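Architecture and fold: a report
Here are the chains, one letter per residue:
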Amino acid sequence: MNKDLTVGKPSTVLWQFCLPMFGSIVFQQLYNIADSLVAGKFVGESALAAVGNSYEITLIFIAFAFGCNIGCSVVVSRFFGARQYRDMKTAVTTSLIGCAVLVALLMAAGLAGCDALLALINTPAEIMADSALYLDIYVLGLPFMFFYNVATGIFSALGDSKTPFLFLAASSVSNIFMDILFVTAFDMGVAGVAWATFLCQGASCVLALWAVARRMRSIPTEGRPVLFSWRMLGKIAVIAVPSILQQSSVSVGNIIIQSVINGFGTGVMAGYSASVKLNNLVITSFTTLANGISNYTSQNLGAAKPERVRQGYAAGVKLVWLICIPLAGAYFFAGRQLLYLFMSEPSAAALDTGILFLRIVAPFYFVVSVKLVSDGVLRGCANMVQFMVSTFADLILRVVLSVALSSTALGSTGIWLSWPIGWAVGTGLSLLFCLRAVGAVRRADPDLSRNFMDEIC
């Protein structure tokens, strides 16, 4: 059901909108967690290392999907907030057509170049075949991932965070059972894990697109919407391209870090693979909540209600901090038990690595969450340059410190220490930029915020 985020108490509206999004991302992460869990439990530590090793490369594709999601979502939500439904529908169809072209190019590049990337990150010979197989099947499923992400962005722009949650919950639970079935009953190994994800993502994608089509038909418009518009694609690209560049750069940075980790052996790789999946569950959850704040910000700017942006930002910080408390506590004090979900008989190196990583990063979730909420407001205001500056500062610092500190007596521990340092610097910059953006929006003439998308494009 469509929801207007421009009316009602900002904190209540934002919480009701964002909590289903948090549930959705938990289930979204179950795809990757389930893959690692089943590979580690039923195939072995090498399979877990192979899936984790491949995951760093899949993040490049996820970065593009995320950019399509947020670009479509911010533009659609601006038109929805302004009640410009004809333009809104043009933004939806233009996003889907642009996504189809992009995903075709990425599939061609992925099938041709993933093996070279695996070699580039120093993938050990014993897991090379499984890593390559997992990636090839993953690339074949890219259309499902991309179109599902765009559909989710459309629902979020309309203020509906419950519909994608229901689709994703069903497909994620199904994925767990299919993972186990393909690996244990059919003895398909890593390929079974990949095909299970392929099939379940396909089902959720088809259902989501069907629901989007129905939702668009239910919204009346004056005149027939244009199917594709280069001008509209430009509006979407203003938001999407910086997001893609930012996320892709993060992925490249993670690949560099992964190549450093690979030099410490399979045990450290497996421990990092398990613990970073838990870490990514938190970070991706906060990022998704920040996307909701982007939609909230964009809708209110479209409705010429900039004064609600500051209230929404404060509510968003409170929301992520409440989520931080149980997650940070569980990771810090119960990391060992959580890691055993991924590894039935872990080596000492794998277990020690995972526990140490979680204990180093967990307390700093309270810091990075502020950065991600601030980034959400910056994207909603289309302040993409500031958004990218803060993110690149965090990324570059983490990569440089990972390489430098790992070559000292700290060893792999130096890599884990780079996370909180980078997060702290990036958060300081994002917070500064966000406070400036909120102040500028509050001082702006309402007519300027209403026509904001026309001005920046």
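Before reading further, recall that the structure is shown in the block above.
The present account deals with the structure reproduced in this document. (Residues numbered from 1 in each chain as written. Predicted model: local features only at pLDDT ≥ 70, side-chain atom pairs only at ≥ 80, totals over all residues. Heavy atoms only, no water.)

Bringing the overall build of the protein chain into the picture now. Counting its secondary structure elements, the protein chain contains 17 helices and 0 strands. Relative to the compact-globule value of 23 Å for 457 residues, the protein chain shows a C-alpha radius of gyration of 21 Å, a close match. Taken along its principal axes, the extent of the C-alpha atoms in the protein chain is 60 × 45 × 35 Å. When burial is assessed residue by residue, the protein chain has 60% of its 457 residues classed as buried. For the protein chain, the proportion of contacts with a sequence separation of at least 24, taken over those separated by at least 6, is 86%. With the model as given, the accessible surface of the protein chain reaches about 16,900 Å², and the carbon-plus-sulfur share is 69%. Looking at charge distribution, the protein chain has the averaged site of its 28 positive side-chain charges lying 14 Å from that of its 22 negative ones. (Helix = DSSP H or I, 4+ residues; strand = E, 2+ residues; numbered from the N terminus. Rg over C-alpha atoms; globule rule 2.2 N^0.38 Å. Buried < 20%, exposed > 50% of the residue type's maximum accessible area, 1.4 Å probe, protein only. Contact = heavy atoms within 4.5 Å. Areas by Shrake-Rupley, 256 points an atom, 1.4 Å probe, with all protein chains shown as cover. Lys, Arg positive; Asp, Glu negative; His and termini not counted. Charge placed at Lys NZ, Arg CZ, Asp CG, Glu CD.)

Between side chains of opposite charge, pairing is possible as soon as their charged atoms come close. Summed over all chains, the structure comprises 3 salt bridges. A salt bridge links Lys371 to Asp375, with the shortest nitrogen-to-oxygen separation between them at 2.7 Å. A residue pair is termed a helical-turn pair when its members lie 3 or 4 positions apart in one helix, as Lys371 and Asp375 do in helix α13 (residues 365-380) at 4 residues. When its relative accessible area of 3% is taken as the criterion, Lys371 is described as buried. As a salt-bridge pair, Arg398 and Asp394 come within 3.0 Å of each other at their nearest N and O atoms. Residue Arg398 and its partner Asp394 are both found in helix α14 (residues 384-406); the two are separated by 4 residues, about one turn of the helix. Neither residue differs from the other here; Arg398 and Asp394 are each classed as buried. (Salt bridge = Lys/Arg side-chain N within 4 Å of Asp/Glu carboxyl O.)

Looking now at the nonpolar core. The biggest cluster of nonpolar side chains holds 64 residues, and the ones touching the most others in it are Phe286, Tyr365, Trp416 and Trp419. Ranked by residues supplied to this core, first place goes to helix α9 (residues 266-302) with 16 residues. Among residues more than four places away in sequence, those in contact with Tyr365 are Asn279, Val282, Ile283, Phe286, Cys324, Ala328, Tyr331 and Trp423. Counting residues in each nonpolar core, the second largest holds 51 residues, with Val75, Phe79, Met88 and Met232 among its members. (Core = buried A, V, L, I, M, F, W, Y, C linked by side-chain atoms within 4.5 Å.)

Looking now at unusual backbone geometry. Notably, Arg83 is not glycine yet its phi reads approximately 65 degrees, a positive angle. Among the structural elements, Arg83 can be located in the loop between α2 (45-81) and α3 (85-120). For Arg83, a relative accessible area of 42% corresponds to the partly exposed category. Phi at Ala304 is positive, roughly 60 degrees, even though this residue is not glycine. The topology assignment puts Ala304 in the loop between α9 and α10 (307-333). In this structure Ala304 comes out as buried when scored by relative accessible area, which is 16%.

So, on to the environment of Ile62. If you trace the backbone, Ile62 turns up in helix α2. A C-alpha to C-alpha distance of 24 Å links Ile62 and Phe177, two positions 115 residues apart in sequence. When residues no more than four places from it in sequence are discounted, the contact partners of Ile62 are Tyr138 and Met145.

Take the packing of aromatic side chains next. One pass over the full model with this rule turns up 13 aromatic pairs. Ring geometry for Phe357 and Trp416: centres 5.5 Å apart, planes at 90 degrees, overall edge-to-face. On the criterion of sequence distance, the pair formed by Phe357 in helix α12 (residues 348-361) and Trp416 in helix α15 (residues 412-443) is long-range, its members being 59 residues apart. Side by side, Phe357 and Trp416 carry an identical accessibility label, which is buried. Pairing Phe357 with Trp419 gives two aromatic rings, centres 5.2 Å apart and planes at 85 degrees, and the pair type is edge-to-face. With a gap of 62 residues between them, Phe357 in helix α12 and Trp419 in helix α15 connect regions that are remote in the sequence. Like Trp419, Phe357 is buried. In this structure an aromatic cluster arises from ring pairing among Tyr272, Phe357, Trp416 and Trp419. (Phe/Tyr/Trp six-rings, centres within 6.5 Å; stacked < 30°, edge-to-face > 60°.)

Attention shifts here to the packing of α9 against α12. Relative to each other, α9 and α12 sit at 35 degrees, their axes nearing to 7 Å. Viewed along their axes, α9 and α12 form a crossing whose handedness is right-handed. Side by side, α9 and α12 meet where Gly267, Val268, Ala270, Gly271, Tyr272, Ser275, Val276, Leu278 and Asn279 of the first sit next to Ala349, Ala350, Thr353, Gly354, Phe357, Leu358 and Val361 of the second. A per-class count over the contact of α9 with α12 returns 10 nonpolar, 6 polar and no charged. (Axes fitted to C-alpha atoms, helices over the stretch in contact; angles between N-to-C directions. Left-handed = near helix turned anticlockwise from the far one by under 90°. Nonpolar A, V, L, I, M, F, W, Y, C, P; charged D, E, K, R; others polar.)

Another point: the side chain of Asp375. The class of Asp375 is buried, set by a relative accessible area of 2%. For Asp375, the side chain forms a polar contact with the side chain of Ser430, separated by 2.9 Å. Not counting the four nearest positions on each side in its chain, Asp375 is found in contact with Phe387, Ser390, Thr391 and Ser430. (Polar contact = N/O pair within 3.5 Å; in protein donor to acceptor, adjacent residues only side chain to side chain.)

Moving on to the environment of Arg436. With respect to the helices and strands, the residue Arg436 is situated in helix α15. As a C-alpha pair, Arg436 and Leu378 span 58 residues in sequence and 9.8 Å in three-dimensional space.

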